[in-house]
Amino acid sequence: MNADEFILDTTTVREFVTGVRNTIATARSPQDACDAIRPSFAALLGDAAWLPDEYASDALESGMGGGIGQWLLFRAGDGSLSLFSLVVPPGVETPVHDHLAWGLVGLYRGTQDEEIYAAGDGGLELAERRALVPGDFYALLPPANDIHRVRTTSSETSVSIHLLTNDTGCIWRHAYDLETGEQRAFRSGYVNVACANP
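All of these numbers come straight from a predicted model, not from anything done at the bench.

S.K.: Looking at this structure, how should I read the pairing of strand 11 (residues 183-186)?
M.R.: Along any regular strand the residues' side chains alternate between the sheet's two faces. Inspection of the sheet shows strand 10 (residues 173-176) paired to strand 11 by four bridges, in the antiparallel sense. Counted as the bridge partner of Arg-173 is Phe-186 from strand 11. Linking strand 10 back to strand 11 in an antiparallel pair, the connection comprises six residues, with Gly-181 at a positive phi of about 80°.

Here it is as structure tokens:
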């Protein structure tokens, strides 16, 4: 097993991750863990000072394209937990994709529209659309609501914070064709940290 990586090594991040791990260790289910983590996650989203600007910057070269930057802040040595920021420039949208992990996702800066998809006859069907403002967050509990895309609707770049139970940027996930529902292998990577197995 590799050592834990605190890329953003601050008291705020260390205390948050410690609390999350303690909660996961005693939770009876992913839903219970997400419910218990909500207050500390909301506090993180409401703190304008903890995330340095470098982790809220666009990335011209990224696995998601369009200047979208996925910045790793923390990952567990065993790949069981990651905390990262996802930066989406104005007017840009992510590919339709999944996460293959449970956890919490919240908007830190800017505004976004999120579209959630479900498998339908011969493709994907739009299941829900919601507008997000800073402080809004939601639980991912696959298989429900795991396929989505987000688009920045603000004139400023949007920044969302993801706490997920895998090494999201380095695992192979899926991107989807909306018309056919066809999946393709997809790995978003991180702007600031390489994946061990390219």
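S.K.: Sorry, what's going on with unusual backbone geometry here?
M.R.: Working note: non-glycine residues mostly have negative phi, and peptide bonds are mostly trans. At the junction of Pro-142 and Pro-143, the peptide bond is cis and its omega measures out at 10° in the coordinates. Along the polypeptide, Pro-143 turns up in the loop between strand 7 (137-140) and strand 8 (147-152). At Leu-100, a position not held by glycine, the phi torsion is positive, near 60°. Residue placement: Leu-100 occurs in the loop between strand 3 (82-88) and strand 4 (103-109). The partly exposed category is assigned to Leu-100, whose relative accessible area is 43%. Positive phi outside glycine occurs at Asn-145, with the angle close to 60°.

S.K.: I tried to follow the sheet that holds strand 2 (residues 69-75) on my own but got confused; where do I start?
M.R.: Within a sheet, adjacent strands bond to each other through the backbone by hydrogen bonds, running parallel or antiparallel. With antiparallel pairing, six strands are arranged side by side in an open sheet as 1-2-3-9-4-7. A single partner strand is all that each edge strand has here, and the edge strands are strand 1 (5-6) and strand 7. Across six bridges, strand 2 lies against strand 3 in antiparallel orientation. Considered in strand 3, the bridge of Leu-72 is made with Phe-84. Along the sheet face, helix 2 (residues 30-46) touches strand 4, strand 7 and strand 9 (158-164) and points at about 15° away from the line of strand 4.

S.K.: What is the right way to look at the pattern of salt bridges in this model?
M.R.: When the charged atoms of two side chains lie near each other, side chains of opposite charge can form a pair. Summed over all chains, the structure comprises 12 salt bridges. Here Arg-14 and Asp-9 are joined by a salt bridge, their closest N and O atoms 2.5 Å apart. Taking the relative accessible area as the measure of exposure, Arg-14 reaches 37% and is therefore partly exposed. Between Asp-167 and Arg-75 there is a salt bridge, and its shortest N-O distance comes to 2.9 Å. With Asp-167 in the loop between strand 9 and strand 10 and Arg-75 in strand 2, this pair connects stretches of sequence that are 92 residues apart. For the pair formed by Asp-167 and Arg-75, the shared burial category is buried. Because the salt bridges share partners, they merge into one network encompassing Glu-93, Glu-115, Arg-129 and Arg-149.

S.K.: Quick question: what am I supposed to make of the nonpolar core here?
M.R.: Generally speaking, a soluble globular protein has its nonpolar side chains buried in company with each other. Core analysis: the biggest nonpolar cluster contains 30 residues, and Trp-50, Leu-51 and Ile-161 have the highest contact counts within it. Contributing elements (two or more residues each) for this core: helix 1 (11-26), helix 2, strand 2, strand 3, strand 4 and strand 9. No other element matches helix 2, which puts six residues into this core. Residue contacts for Ile-161: discarding those within four places in its chain leaves Phe-41, Leu-44, Leu-45, Trp-50, Leu-51, Leu-83, Phe-84, Ser-85, Leu-104, Val-105, Gly-106 and Tyr-108. Residues Leu-72, Val-105, Leu-107 and Cys-170 belong to the second largest nonpolar core, which totals 13 residues.

Reading the values: the criteria
- Residues numbered from 1 in each chain as written.
- Predicted model: local features only at pLDDT ≥ 70, side-chain atom pairs only at ≥ 80, totals over all residues.
- Heavy atoms only, no water.
- Pairing = 2+ DSSP bridges.
- Helix = DSSP H or I, 4+ residues; strand = E, 2+ residues; numbered from the N terminus.
- Buried < 20%, exposed > 50% of the residue type's maximum accessible area, 1.4 Å probe, protein only.
- Contact = heavy atoms within 4.5 Å.
- Axes fitted to C-alpha atoms, helices over the stretch in contact; angles between N-to-C directions.
- Salt bridge = Lys/Arg side-chain N within 4 Å of Asp/Glu carboxyl O.
- Core = buried A, V, L, I, M, F, W, Y, C linked by side-chain atoms within 4.5 Å.

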